[in-house]
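Chains, contacts and geometry: an overview
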Amino acid sequence: MPSTCRDCPTREHCLPAGLDPAELRSFEHTVARRQHLKRHERLYRRGTPLEHVFIVASGQIKAERPMPDGRPQVLGFYLPGQLLGLDALASHSYRCDAVALCDSTVCAISYAMLTSLIQQRSTLLLRFHALFGTELARQQNNMLLLGNAKAPQRLAAFLMDLATSHHAPAPPAPAFELRMSRDDIASHLGLALESVSRQLTQFRAAGLLEVQNRRIELLDADALQAIAISS
């Protein structure tokens, strides 16, 4: 894992993208630590006071919170370059649990130092707003899916979102790993586990994708995208 932002392969997709060398050095001073997580290890717990926001450097993280019956509800998945912990900005405490789906690395950014640096660096302010807006748009799209879409649309949109995130800002990645379980996918999409498994089987039978354990290969991304946006 690279020790500096300058050497990090995800830098062009995350918060310090576009910073000049001097700005990048200033930003690196806000990185309190690079934290390595084992699979299923918790990054933070719901209710913990806000001290850091986090950038995923490698691996995948899920955000979840318990439902009234105690079962976890998966709220989202975070891939390299994406910010998490933003839900704590209003209440100054995290509103969910963040758990590693596989061995992962995150950069813990001191929120107090970040806000101070943002006041001095307009480039960083604009970038923070862009990532914040992207995350808000993702959550709004998820709400629309859960409210209106049927199982094929939900799963197709989910797969296309993952493919795009793995290859941002270029076209969708042709293949990627599903680090989350099908239970997690079902929880996130508001579907039964059986519906997720059945829909993957149908997509495979239609020649849209190939599934090998956790690896997904998109054979017809255009068709999947058409399903995702169909009414």
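Residues numbered from 1 in each chain as written. Predicted model: local features only at pLDDT ≥ 70, side-chain atom pairs only at ≥ 80, totals over all residues. Heavy atoms only, no water.

Some points on the packing of aromatic side chains
Rules: What counts as a ring pair is set by centres within 6.5 Å for rings of Phe, Tyr and Trp (its six-membered ring), and what kind of pair is set by the plane angle: stacked under 30 degrees, edge-to-face over 60, tilted for all other angles. Labels follow the DSSP assignment, with helices taken as runs of H or I lasting at least four residues and strands as runs of E lasting at least two, numbered in each case from the N terminus. Only protein chains enter the area calculation, which uses a 1.4 Å probe; residues under 20% of their type maximum are buried, those over 50% are exposed, and those in between are partly exposed.
In total, this model carries five aromatic pairs according to the counting rule given. Geometrically, the ring pair formed by Tyr44 and Phe54 is stacked, given 5.6 Å between the ring centres and 25° between the ring planes. One end of the pair, Tyr44, is in strand β2 (residues 42–44); the other, Phe54, is in strand β3 (residues 52–58), with ten residues separating them in the sequence. Pairing Phe128 with Phe132 gives two aromatic rings, centres 6.3 Å apart and planes at 50°, and the pair type is tilted. Taken as a pair, Phe128 and Phe132 lie in helix α3 (residues 122–148) at a separation of four residues, close to a single helical turn. The class of Phe128 is buried, set by a relative accessible area of 8%. An aromatic cluster is built from Tyr44, Phe54 and Tyr94, whose rings are joined through pairwise contacts.

Some details on the sheet that holds strand β10 (residues 209–212)
Strand pairing in a sheet takes place through backbone hydrogen bonds and is either antiparallel or parallel in direction. Rules: Two strands qualify as a pair provided DSSP detects at least 2 bridges between them. For helices, the fitted line uses only the C-alpha atoms of the stretch in contact; every axis is such a line through C-alpha atoms, and the angle between N-to-C directions lies from 0 to 180 degrees.
Within the open sheet, the three strands sit side by side as β9-β11-β10. Their pairing is antiparallel. Every interior strand has two partners, whereas the edge strands, β9 (175–177) and β10, have only one. Pairwise comparison of adjacent strand axes, ignoring direction, gives a mean angle of 15° for this sheet. Sheet analysis places β10 next to strand β11 (residues 215–218), joined by four bridges and oriented antiparallel.

A few points about the environment of Thr134
Relative to the helices and strands, Thr134 resides in helix α3. Take Thr134: its relative accessible area is 45%, and that puts it in the partly exposed class. Along the primary structure Thr134 and Asp97 are separated by 37 residues, whereas in three dimensions their C-alpha atoms are 21 Å apart.

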